[in-house]
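Below, each chain spelled out in residue letters.
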Amino acid sequence: MLQAFTRLVRSFKEGGALYTANRLYIALRNRIADRLGYWAWRDAKIDRDVETMDLTKISSLLDPNAMRGLNALVTEDPTLAAKILDRADKILARDFAVLGYDLPKEGPWPWATDWTCGYVWPKVSTSKIDLYESREQPYDIKRPFELSRLFFLPQVALAAGLSDGPQRERYFGFLEDTLQDWLRENPTNGSVAWYSFEASVRTVFVFQTLALLQAVDGPTPVIRLLLKIALRCQHF
(Lines give C-alpha, C1' and ligand atoms only; values in the text may rest on other atoms or scores of the structure.)
Protein backbone atom coordinates (compact mmCIF):
# COMPACT_ATOMS: atom_id res chain seq x y z
CA MET A 1 0.00 0.00 0.00
CA LEU A 2 2.81 2.40 0.90
CA GLN A 3 4.57 1.57 -2.37
CA ALA A 4 1.39 2.29 -4.36
CA PHE A 5 0.89 5.60 -2.55
CA THR A 6 4.51 6.57 -3.24
CA ARG A 7 4.01 5.84 -6.94
CA LEU A 8 0.85 7.95 -6.97
CA VAL A 9 2.60 10.94 -5.39
CA ARG A 10 5.54 10.62 -7.76
CA SER A 11 3.18 10.41 -10.75
CA PHE A 12 1.36 13.57 -9.68
CA LYS A 13 4.64 15.46 -9.32
CA GLU A 14 5.82 14.27 -12.75
CA GLY A 15 2.72 14.96 -14.82
CA GLY A 16 -0.08 16.57 -12.84
CA ALA A 17 -3.67 15.48 -12.28
CA LEU A 18 -4.59 14.37 -15.82
CA TYR A 19 -1.44 12.31 -16.21
CA THR A 20 -1.99 10.73 -12.81
CA ALA A 21 -5.62 9.90 -13.61
CA ASN A 22 -4.55 8.20 -16.84
CA ARG A 23 -1.89 6.21 -15.02
CA LEU A 24 -4.45 5.12 -12.44
CA TYR A 25 -6.88 4.05 -15.16
CA ILE A 26 -4.23 1.97 -16.94
CA ALA A 27 -3.05 0.38 -13.71
CA LEU A 28 -6.62 -0.49 -12.64
CA ARG A 29 -7.54 -1.83 -16.08
CA ASN A 30 -4.42 -4.00 -16.23
CA ARG A 31 -4.91 -5.32 -12.72
CA ILE A 32 -8.51 -6.36 -13.47
CA ALA A 33 -7.45 -7.90 -16.78
CA ASP A 34 -4.70 -9.86 -15.01
CA ARG A 35 -7.15 -11.23 -12.45
CA LEU A 36 -9.62 -12.30 -15.13
CA GLY A 37 -6.99 -13.89 -17.38
CA TYR A 38 -8.02 -11.49 -20.13
CA TRP A 39 -4.62 -11.04 -21.74
CA ALA A 40 -4.06 -14.73 -22.43
CA TRP A 41 -7.56 -14.98 -23.92
CA ARG A 42 -6.96 -11.88 -26.00
CA ASP A 43 -3.57 -13.09 -27.27
CA ALA A 44 -5.11 -16.39 -28.35
CA LYS A 45 -7.92 -14.56 -30.17
CA ILE A 46 -5.45 -12.24 -31.94
CA ASP A 47 -3.42 -15.24 -33.07
CA ARG A 48 -6.51 -17.00 -34.45
CA ASP A 49 -7.69 -13.86 -36.24
CA VAL A 50 -4.29 -13.14 -37.80
CA GLU A 51 -3.83 -16.72 -39.00
CA THR A 52 -7.10 -16.52 -40.93
CA MET A 53 -6.69 -12.89 -42.04
CA ASP A 54 -6.73 -11.99 -45.73
CA LEU A 55 -3.40 -10.17 -45.93
CA THR A 56 -4.40 -8.33 -49.10
CA LYS A 57 -6.72 -6.22 -46.95
CA ILE A 58 -3.81 -4.61 -45.11
CA SER A 59 -2.11 -3.45 -48.30
CA SER A 60 -4.13 -0.22 -48.33
CA LEU A 61 -2.66 0.65 -44.92
CA LEU A 62 0.92 0.39 -46.14
CA ASP A 63 3.03 2.15 -48.73
CA PRO A 64 3.49 -0.19 -51.73
CA ASN A 65 6.48 1.91 -52.80
CA ALA A 66 8.30 1.71 -49.49
CA MET A 67 11.51 0.58 -51.19
CA ARG A 68 11.41 3.12 -54.04
CA GLY A 69 13.21 5.90 -52.19
CA LEU A 70 15.94 3.56 -51.00
CA ASN A 71 16.47 2.14 -54.48
CA ALA A 72 16.89 5.68 -55.80
CA LEU A 73 19.49 6.44 -53.15
CA VAL A 74 21.34 3.22 -53.89
CA THR A 75 21.43 4.17 -57.58
CA GLU A 76 23.00 7.51 -56.67
CA ASP A 77 25.45 5.98 -54.18
CA PRO A 78 26.41 2.37 -55.03
CA THR A 79 28.26 2.03 -51.70
CA LEU A 80 25.03 2.53 -49.73
CA ALA A 81 23.73 -0.96 -50.47
CA ALA A 82 26.94 -2.52 -49.19
CA LYS A 83 26.69 -0.48 -45.98
CA ILE A 84 23.08 -1.55 -45.41
CA LEU A 85 23.92 -5.21 -46.00
CA ASP A 86 26.93 -4.99 -43.71
CA ARG A 87 24.81 -3.44 -40.98
CA ALA A 88 22.19 -6.16 -41.35
CA ASP A 89 24.83 -8.90 -41.20
CA LYS A 90 26.11 -7.43 -37.94
CA ILE A 91 22.57 -7.44 -36.55
CA LEU A 92 22.21 -11.11 -37.50
CA ALA A 93 25.43 -11.79 -35.59
CA ARG A 94 24.14 -9.63 -32.71
CA ASP A 95 27.18 -7.45 -33.25
CA PHE A 96 25.52 -4.16 -32.37
CA ALA A 97 25.00 -1.93 -29.35
CA VAL A 98 21.90 -0.75 -27.51
CA LEU A 99 22.25 2.64 -25.82
CA GLY A 100 26.00 2.30 -26.21
CA TYR A 101 26.26 -1.19 -24.66
CA ASP A 102 27.16 -4.18 -26.84
CA LEU A 103 24.66 -7.02 -26.82
CA PRO A 104 25.87 -10.44 -25.73
CA LYS A 105 26.48 -12.46 -28.88
CA GLU A 106 25.59 -15.79 -27.29
CA GLY A 107 22.61 -17.04 -25.35
CA PRO A 108 18.96 -15.99 -25.48
CA TRP A 109 17.85 -12.50 -26.39
CA PRO A 110 17.97 -10.39 -23.20
CA TRP A 111 14.44 -9.04 -23.56
CA ALA A 112 14.04 -8.69 -19.79
CA THR A 113 17.68 -8.46 -18.72
CA ASP A 114 20.20 -5.71 -18.20
CA TRP A 115 23.00 -7.67 -19.82
CA THR A 116 25.67 -5.32 -18.48
CA CYS A 117 25.20 -6.73 -14.99
CA GLY A 118 22.93 -9.75 -15.40
CA TYR A 119 19.89 -8.33 -13.60
CA VAL A 120 16.67 -10.05 -14.78
CA TRP A 121 13.18 -8.60 -14.37
CA PRO A 122 10.43 -11.14 -13.58
CA LYS A 123 7.68 -12.06 -16.02
CA VAL A 124 4.92 -10.19 -14.22
CA SER A 125 2.44 -7.41 -14.92
CA THR A 126 3.99 -3.96 -15.27
CA SER A 127 1.88 -2.86 -12.30
CA LYS A 128 4.02 -5.14 -10.13
CA ILE A 129 7.35 -3.71 -11.32
CA ASP A 130 8.76 -0.81 -9.33
CA LEU A 131 10.91 1.34 -11.61
CA TYR A 132 12.14 3.34 -8.62
CA GLU A 133 13.08 0.50 -6.29
CA SER A 134 16.32 0.72 -4.35
CA ARG A 135 19.01 -1.37 -5.99
CA GLU A 136 22.21 -3.02 -4.89
CA GLN A 137 23.70 -2.92 -8.39
CA PRO A 138 23.47 -0.22 -11.09
CA TYR A 139 21.06 -1.96 -13.45
CA ASP A 140 18.95 0.05 -15.89
CA ILE A 141 15.58 -0.99 -17.31
CA LYS A 142 16.13 1.31 -20.29
CA ARG A 143 18.32 -1.33 -21.94
CA PRO A 144 15.65 -4.03 -22.25
CA PHE A 145 13.13 -1.27 -22.98
CA GLU A 146 15.16 -0.17 -26.00
CA LEU A 147 15.82 -3.70 -27.22
CA SER A 148 12.12 -4.62 -27.08
CA ARG A 149 11.27 -1.62 -29.24
CA LEU A 150 12.61 -3.83 -32.06
CA PHE A 151 14.30 -0.84 -33.66
CA PHE A 152 16.75 -3.06 -35.54
CA LEU A 153 14.15 -5.03 -37.54
CA PRO A 154 13.55 -2.41 -40.28
CA GLN A 155 17.27 -2.43 -41.00
CA VAL A 156 17.15 -6.17 -41.68
CA ALA A 157 14.02 -5.74 -43.81
CA LEU A 158 15.88 -3.10 -45.87
CA ALA A 159 18.71 -5.55 -46.45
CA ALA A 160 16.22 -8.22 -47.53
CA GLY A 161 14.84 -5.79 -50.11
CA LEU A 162 18.33 -5.21 -51.53
CA SER A 163 19.25 -8.88 -51.79
CA ASP A 164 17.92 -12.07 -53.32
CA GLY A 165 18.28 -15.83 -53.19
CA PRO A 166 19.78 -17.49 -50.11
CA GLN A 167 20.94 -14.17 -48.70
CA ARG A 168 17.40 -12.77 -48.70
CA GLU A 169 16.09 -15.99 -47.13
CA ARG A 170 18.70 -15.65 -44.38
CA TYR A 171 17.34 -12.20 -43.49
CA PHE A 172 13.75 -13.48 -43.59
CA GLY A 173 14.73 -16.40 -41.35
CA PHE A 174 16.30 -14.06 -38.80
CA LEU A 175 13.17 -11.91 -38.71
CA GLU A 176 10.92 -14.93 -38.20
CA ASP A 177 13.07 -16.45 -35.45
CA THR A 178 13.45 -13.14 -33.61
CA LEU A 179 9.75 -12.29 -33.73
CA GLN A 180 8.75 -15.77 -32.55
CA ASP A 181 11.19 -15.50 -29.66
CA TRP A 182 9.94 -12.04 -28.71
CA LEU A 183 6.32 -13.19 -28.67
CA ARG A 184 7.16 -16.27 -26.63
CA GLU A 185 9.13 -14.34 -24.01
CA ASN A 186 6.81 -11.31 -23.77
CA PRO A 187 3.19 -12.33 -23.13
CA THR A 188 0.92 -9.29 -23.11
CA ASN A 189 1.34 -7.31 -19.90
CA GLY A 190 3.56 -10.07 -18.60
CA SER A 191 7.01 -8.54 -18.98
CA VAL A 192 8.87 -5.23 -18.80
CA ALA A 193 8.08 -4.64 -22.49
CA TRP A 194 4.49 -3.60 -21.83
CA TYR A 195 4.70 -0.06 -20.54
CA SER A 196 2.49 2.13 -22.74
CA PHE A 197 5.24 4.26 -24.26
CA GLU A 198 7.35 1.22 -25.09
CA ALA A 199 4.44 -0.49 -26.82
CA SER A 200 3.72 2.66 -28.82
CA VAL A 201 7.30 3.02 -30.05
CA ARG A 202 7.50 -0.69 -30.84
CA THR A 203 4.41 -0.35 -33.03
CA VAL A 204 6.19 2.25 -35.17
CA PHE A 205 9.12 -0.07 -35.88
CA VAL A 206 6.81 -3.03 -36.46
CA PHE A 207 4.86 -1.13 -39.12
CA GLN A 208 8.05 0.13 -40.75
CA THR A 209 9.21 -3.47 -41.05
CA LEU A 210 5.81 -4.57 -42.26
CA ALA A 211 5.70 -1.92 -45.01
CA LEU A 212 9.18 -2.84 -46.25
CA LEU A 213 8.37 -6.54 -46.35
CA GLN A 214 5.06 -5.97 -48.12
CA ALA A 215 6.91 -3.97 -50.77
CA VAL A 216 9.24 -6.90 -51.53
CA ASP A 217 6.67 -9.70 -51.17
CA GLY A 218 8.03 -10.80 -47.82
CA PRO A 219 7.11 -14.23 -46.43
CA THR A 220 3.61 -14.60 -45.04
CA PRO A 221 4.72 -16.13 -41.68
CA VAL A 222 6.86 -13.06 -40.89
CA ILE A 223 4.10 -10.66 -41.86
CA ARG A 224 1.63 -12.50 -39.64
CA LEU A 225 4.06 -12.38 -36.70
CA LEU A 226 4.44 -8.63 -37.13
CA LEU A 227 0.66 -8.22 -37.18
CA LYS A 228 0.31 -10.26 -33.99
CA ILE A 229 2.71 -7.93 -32.19
CA ALA A 230 1.07 -4.79 -33.58
CA LEU A 231 -2.41 -5.91 -32.48
CA ARG A 232 -1.13 -6.84 -29.03
CA CYS A 233 0.24 -3.29 -28.67
CA GLN A 234 -2.94 -1.44 -29.65
CA HIS A 235 -4.44 -1.27 -26.13
CA PHE A 236 -1.31 0.16 -24.59
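Residues numbered from 1 in each chain as written. Predicted model: local features only at pLDDT ≥ 70, side-chain atom pairs only at ≥ 80, totals over all residues. Heavy atoms only, no water.

## So, the pattern of salt bridges
What the rule picks out here adds up to 12 salt bridges. One salt bridge connects Glu-51 with Lys-228, and the closest N-O pair in it is separated by 2.8 Å. Residue Glu-51 is located in helix H2 (residues 38-51), and its partner Lys-228 is located in helix H9 (residues 220-233); the two are separated by 177 residues in the primary sequence. Judged by its relative accessible area of 43%, Glu-51 is partly exposed. Taking relative accessible area as the criterion, Lys-228 reaches 11% and is therefore assigned buried. The shortest N-O distance in the salt bridge between Arg-184 and Asp-181 comes to 3.0 Å. Of this pair, Arg-184 and Asp-181 both sit in helix H7 (residues 165-185), 3 residues apart, which is roughly one turn of that helix. Connected via shared salt-bridge partners are Asp-43, Asp-47 and Arg-232. (Salt bridge = Lys/Arg side-chain N within 4 Å of Asp/Glu carboxyl O. Helix = DSSP H or I, 4+ residues; strand = E, 2+ residues; numbered from the N terminus. Buried < 20%, exposed > 50% of the residue type's maximum accessible area, 1.4 Å probe, protein only.)

## Remarks on the environment of Leu-231
Structurally, the position occupied by Leu-231 is in helix H9. Residue Leu-231 is classed as partly exposed on the basis of its relative accessible area of 27%. Sequence spacing of Leu-231 and Asn-189 is 42 residues, and the spatial spacing of their C-alpha atoms is 13 Å. Once residues within four sequence positions are removed from consideration, Leu-231 is found in contact with Arg-42, Ile-46, Val-50 and Met-53. (Contact = heavy atoms within 4.5 Å.)

## As for the nonpolar core
In terms of nonpolar packing, the biggest core is built from 56 residues, with Leu-150 and Phe-152 touching the most fellow members. Going through the elements one at a time, H2, helix H3 (68-76), helix H4 (79-92), helix H6 (153-161), H7, helix H8 (196-215) and H9 are the ones with two or more residues in this core. For this core, the element with the highest residue contribution is H9, accounting for 8 residues. Not counting chain neighbours up to four residues away, the residues in contact with Leu-150 comprise Trp-111, Leu-179, Trp-182, Arg-202, Phe-205, Val-206 and Ile-229. Formed by 9 residues, the second largest nonpolar core is a distinct cluster that contains Ala-112, Trp-121, Tyr-139 and Tyr-195. (Core = buried A, V, L, I, M, F, W, Y, C linked by side-chain atoms within 4.5 Å.)

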